[in-house]
Each structure stands twice: as structure tokens, then as C-alpha cells.
Amino acid sequence: MVQLVGPLRKELADSLSTCKVLVVGAGGIGCELLKNLVLTGFKNIEVIDLDTIDVSNLNRQFLFQKKHVGKSKAQVAKESALQFCPTANITAYHDSIMNPDYNVEFFRQFVLVMNALDNRAARNHVNRMCLAADIPLIESGTAGYLGQVTVIKKGMTECYECQPKPTQKTFPGCTIRNTPSEPIHCIVWAKYLFNQLFGEEDADQEVSPDTADPEAAWNPEDATARATASEKDGDVKRVSTKEWARSTGYDPVKLFNKLFKDDIMYLLTMDKLWKKRKAPTPLDWLQLENTACPQDEAPGSGLKDQQVLSVWGLCQMFQHSVETLRSQLQEKGEGAELVWDKDDPPAMDFVTSAANLRMHIFSMNMKSRFDVKSMAGNIIPAIATTNAVIAGLIVLEGLKILSGEIESCRTIFLNKCPNLRKKLLVPCILDPPSANCYVCVSKPEVTVKLNVHKTMVLSLQDRILKERFGMVAPDVQIEDGKGTILISSEEGETDANNNKFLSDFGIRNGSRLQVDDFLQDYTLLVNVLHTEELERDVEFEVVGEAPDKAPPPQTNQEEVNSITNGNKDSAQPSTSSKAAPADDDDDIMIVDSDEEEMAASSSAAAATSGTKRKHSDAETGETSTKRPRTDQSSAAAADNDDDDDIIALD
């Protein structure tokens, strides 16, 4: 007879009490997950999160209370979880998982890693570290009523980066408020600002500088002190943006100087933010007015909505839109609120002008009103119930792994409405690794199309290798027969190269670069394809993973090409058909029937039947092609879910 300890087999219960697991993220999903883990019987847990607790977290991250505002999420989550199970051994890290201290050896001490993250860069990094350490990873994400959980195992399943991801649609609050780097960050900020001034105020949509940004204060005590400066008990009192605006009579000039001068000057005092970023440049209304030229006010050629206005032209648009919206509020009476609508001209003018002025401040290329309108999609709120369901599914998949039944793991989707079989939870069989993945194949290789005469070494490092390919500390060697070091991860070693063009180092059409990230135990071969025909504002394009346009290497590369990412003696790709997808949580796959028992005996031909719908990207207006769905029912052709599949990362 099988011995049970509670609902679990004795062998599994014993395994839970001795195994060591890592939880990455202690936010919406992370809080629920920690509680589930200790109540299930896990005794050795380590949790890491860089963030500090904000007032807006308290409505769904139930391990936190008002008195905890400004403190480390990881530390407080640990203390709260221990109240459920005082005998558990929990270690908390208030730090970034991308810190070099958390290397491959750190990951190898765990039998299982569970992600509860809110950004793609960290997800990519943890994916690579788990591949290198050959540790199973459970990935998860939620968006409103939608959610998903998937399992990633080297050699058996797709990794997180096997499938292309659509543009991320939600972003950490500190990015929106302090360090925007893309136009969409500024557009989201401007929409938040509209609600703070004219609509329904939401603590999740604060626009003022985030004084508790952990990146600005790496010392946890500093972050806590800043966030709790007004009240020792953590009850942070803030002056309402709307109340302040009313006190000025919604004066456009005062609003402008507060948002685009005073707040920016305050951001500049957070000097740690600008050590590796270009600092923003404040704007002053009077100065702009005095230096404005008559042509700044003259309309340009072409359609009005497709013109990119001058800075002073945007100032005038901002002034006029604020005055119009102020009048609309007054007409509605005391306590009235406006609702942002992209088809309402004054509201659209306000977001266009505010977003573009912020883009200019942070040295980005500004956008036309048409472009801003097409990118301004809906923001989906986080829902505590969805987090709870997904956290429970993470533990269930973890129990399968610890029972030695990884082949029975599934990708599980939580839908907003029941499908045709009346199911909200839809399991899908795991997919094998993609042969075209530039991360988990044995010899990753890509071709990048760029202009070698205009692309600087610093742009190659930051924009291509770090942002596009998710590296943390890349080293780059030119395969020119000399072993020329183009970029070194050692601080200061190749700084002199940063502002030189690639062509200055003899890089031309067909050149090959070997890129190594020793922290991630990751090697990538980059083929350079020179072109002078890139579209405007496009720095580079990724052409493919195994191109035939690049010439063969000039030197013997047998040793280089034998490099396999991760441990050289770790598991190689298997032929198992039981493999896991790594869909991004902003790339939820809507399927129409659950997999049921037939998945175990289905043929390969049947597994390819049916394709997923293309969903429109609400931010960009574009559609993204997603991988074929894995359910085998051709009868179920459409889900009851709507197309609002924007995924907000909690």
C-alpha cells in the first residue's frame, strides 16, 4: 500500500522537505507561490527580488502590509511566509538575478527554478542560466484574466527564447517613471498622466519620479528611508497630482515646468541611474518660448497627423489640449472625471504632446500623432485571482518534476472564458527545442544586417548584443586570423573602442564575430551583413540563424565551433516529443480544446493540425505569427476569448 503524508506520497513528501528550490520574483505571482510552496511542504526555498514594496502593491500582493511600504519585497515575503510554516528554511536576496554573483554554480545548487518575473530581460537571463546549469525551469505569467505556465528543460523542451516574442506591452513602474528608453514607455507615461490630471486616479499609474527605485539606491536601507520618509509606519502620504493641478487652475505653463523641468531635475539628482545611461535634459517653457522660430509654428508638408512637430510646436499642442480638457472638466461640474479615448482629439493631442516632449527629454526620436495613436493600446490590470490560479499550477508542475514525471508536464493556459468544452484551463503537450533557436541549439549562429560605416562598437554592445540578444556582459572577438578583441567585459579594457565604427576594425560584409557571455555560459557566432539600405531609424536587422550569405571563416574554427552552451557534459537535445513551449506571457496562445488522453498516443501528423489565430498587437497595430497550436481537435476552431490578449506582467 502506498504510504501518504497528507495528500502526497511519502517519497514525494520526503523529497519536498530536502530539495532546494529558487523563486525568482516576489510580486503578484511570487507572493502566492511562496505561500503555496511552504504549505505544500517545501522546506528549503531561496527567493530573490530587486524591487521594494509600493502602496500600489497592497491590493494583490497579500504578503505585504501598509507598514512594509519601502522595504525589500523578498525579505518581507520571507518573513510573512514563515508565519505559515515557521520550520521552513527561507533565504531572501534583495538583489537583481542578473547580478554576476548569481552565476551558473549558484543555479546548480537547486533542483528546480520557478520564475515569477515582470520583465523579459530577466526571463531571458534566467532561461539561459537554467540551460547552462541543466536545471528545470517553470515559467509563468498573467495578464488580467489570462495566464499561463510552462516547463523548460534542456534538450527536452523549447526554451523561453525558442519562439519569437511580440513587443512587450507592459513595463516596470520605475522604467515608466524614471528611465524610459523606448517611445512606448513615454506614451504609457502620458496616458497615466492624463488619468492623474483629468481622469480616475490610480496608484498603479503614478507619473512622478519613483524615489524608491531600487536601482537608484542599491542599499536596501536607502530605498526604505526614501519610501517612508513622510511617515515612519510606512503610511506614505503623497500630494495628489490632480489636487496640485487644480490648485494651479490647470495652468499649462506651470504643469509643463513641473513635469518637464522640475521632475526631470529631480531625476538628475538620482545620479546612480545615469552612470550607464544618457541623462535626460530638462525643458523650460520660457526659454523655449524665447528661442522659438516662426517656422516652428508653420505646418509642414503632408498629412497633419503624420508630421513630427518641433519641440515648440508640441509645447503649443500641450497648452491648447490642457486648456480644452480643463474646460471639459468644468462643464461636467465638481468631482467630474474624463475618460481617455484615442478618438477624442483633445485627449489624443495631450498624450501626443506629453509623450513626445518626454521622448525629446530622454533623447529619443519623436513620433507623429498617427504613430502615437497606433501605439496607445489598453492597459490590462493585474488580478489577484489569476495570480493565485497560476501560482497553484506552478506548484503542480513542480510536483510532477520532483516525482520524476517531467514527460507528463504541460503548458497550461488560463483563459478568460470557457472554451467549447467548457474548460477555463487548457493543457497543451510540450514542444521540442526549435532547430532555429539562437540560444539552446548546440552551435548558435545569427546574421545581423547593419551599416558597418555607421554602427559604433557601443551600439553593437548595447543595442544588439545586450538588448536584442539578451546578453549581460558580452566579450567579442573578430574572426580575422588575429583574434582581435573588439569588446571586453572587463571594465575599461576596450572603452577606447566604444565610439569607433565597426569598419574601423576591418569589419565588412561577411565578417564573423564570436561573442561570449561567460556569466550565462553562452556563445553566439554573429555573421555581419553590410547594407546601406536600412529603413529610417532602423539601426540593424536580424536576418536569420543559419545564413548562407556570409563567407566561411578565415581561420580554423573547429575548436570554436565545438563549444556548446552550458556544461559541456550536460544533456544533449533528445528526440522526445514531450517538450515544452516557452511562450512569453505577452504571447498567450489561445487554444480551443484541452489535450486530454489522446495526446499520449497521437501521431506526429496529427500533432501538426490546426494553427493559432494571429492576434493584433494593441500597442503597434501589427499582428504576430505564433507557433502552431498543439491541440488535436480540428472541430474546435475558435475560442470564446476576445482578442484583448495584451499581457500585463505582474
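Residues numbered from 1 in each chain as written. Predicted model: local features only at pLDDT ≥ 70, side-chain atom pairs only at ≥ 80, totals over all residues. Heavy atoms only, no water.

Caption draft 1: Focus on the sheet that holds strand 6 (residues 112–115). The strand order 5-4-3-6-7-8-9-10 describes an open sheet built from 8 strands, whose pairing is mixed. A single partner strand is all that each edge strand has here, and the edge strands are strand 5 (89–93) and strand 10 (425–428). Put simply, the sheet's adjacent strands are angled 15° from each other on average, direction ignored. One ladder, built from 7 bridges, connects strand 7 (residues 137–143) with strand 8 (residues 146–152); its direction is antiparallel. Residue pairing in the sheet places Leu-137 in a bridge with Ile-152 of strand 8. With respect to the sheet, helix 5 (residues 120–133) is in contact with strand 3 (20–24), strand 6, strand 7 and strand 8, its orientation differing from that of strand 7 by roughly 165°. (Pairing = 2+ DSSP bridges. Helix = DSSP H or I, 4+ residues; strand = E, 2+ residues; numbered from the N terminus. Axes fitted to C-alpha atoms, helices over the stretch in contact; angles between N-to-C directions. Contact = heavy atoms within 4.5 Å.)

Caption draft 2: Representation of the UniProt feature "active site" (unreviewed entry) in the protein chain within the structure. The positions that UniProt labels "active site" (unreviewed entry) are, in the present scheme, Cys-174. Its place among the elements puts Cys-174 in helix 6 (residues 173–177). (UniProt positions renumbered as here; feature names shortened; annotations may be inferred.)

Caption draft 3: Inspection of the packing of aromatic side chains at higher detail. Inspection of the entire model under this criterion finds 18 aromatic pairs. A ring pair is formed by Phe-256 and Phe-318, whose centres lie 6.2 Å apart and whose planes are at 70°; its orientation type is edge-to-face. Remark: Phe-318 occurs in helix 13 (residues 311–332) and Phe-256 occurs in helix 10 (residues 252–269); sequence separation between them is 62 residues. Residue Phe-256 shares its accessibility class with Phe-318, and that shared class is buried. Through pairs of rings, three or more aromatic residues link up here, namely Trp-189, Phe-194, Phe-198, Tyr-250, Phe-256, Phe-260, Trp-285, Trp-312, Phe-318 and Phe-350. The ring centre of Trp-189 lies 4.4 Å from the NZ or CZ of Arg-358, which sits over that ring. (Phe/Tyr/Trp six-rings, centres within 6.5 Å; stacked < 30°, edge-to-face > 60°. Buried < 20%, exposed > 50% of the residue type's maximum accessible area, 1.4 Å probe, protein only. Lys NZ or Arg CZ within 6 Å of the ring centre and 35° of its normal.)

Caption draft 4: Spotlight on helix 14 (residues 345–361). In this model helix 14 runs 24 Å from its N-terminal to its C-terminal C-alpha over 17 residues, within 8% of the 24 Å that 1.5 Å per residue would give. Two residues or fewer after helix 14 comes Ser-363, characterised by a positive phi angle close to 60°. (Expected span 1.5 Å × (residues − 1).)

Caption draft 5: Representation of the pairing of strand 4 (residues 44–48). When you tally the buried positions in strand 4, you get 5 out of 5 residues, the bulk of the element. Alternating positions in strand 4 separate into two faces, Asn-44, Glu-46 and Ile-48 on one and Ile-45 and Val-47 on the other, with burial throughout. In this sheet, strand 4 lies alongside strand 3 in parallel orientation, the contact comprising 5 bridges. Across the sheet, residue Val-21 finds its bridge partner in strand 4, namely Ile-45. Of the crossover connections in this fold, the one passing from strand 3 over helix 2 (residues 28–40) to the parallel strand 4 is right-handed. (Right-handed = clockwise from strand over helix to strand, strands pointing away.)

Caption draft 6: Spotlight on the pattern of salt bridges. In this structure the tally under the stated criterion is 18 salt bridges. Residue Asp-14 is joined to Lys-10 by a salt bridge in which the shortest nitrogen-to-oxygen separation is 3.0 Å. Taken together, the residues Asp-14 and Lys-10, both in helix 1 (residues 10–18) and 4 residues apart, mark about one turn of the helix. Between Lys-258 and Asp-263 there is a salt bridge whose closest N-O contact spans 3.2 Å. Taken as a pair, Lys-258 and Asp-263 share a single burial class, namely buried. If you follow the salt bridges from partner to partner, you end up with Asp-305, Asp-349 and Arg-369 in one network. (Salt bridge = Lys/Arg side-chain N within 4 Å of Asp/Glu carboxyl O.)

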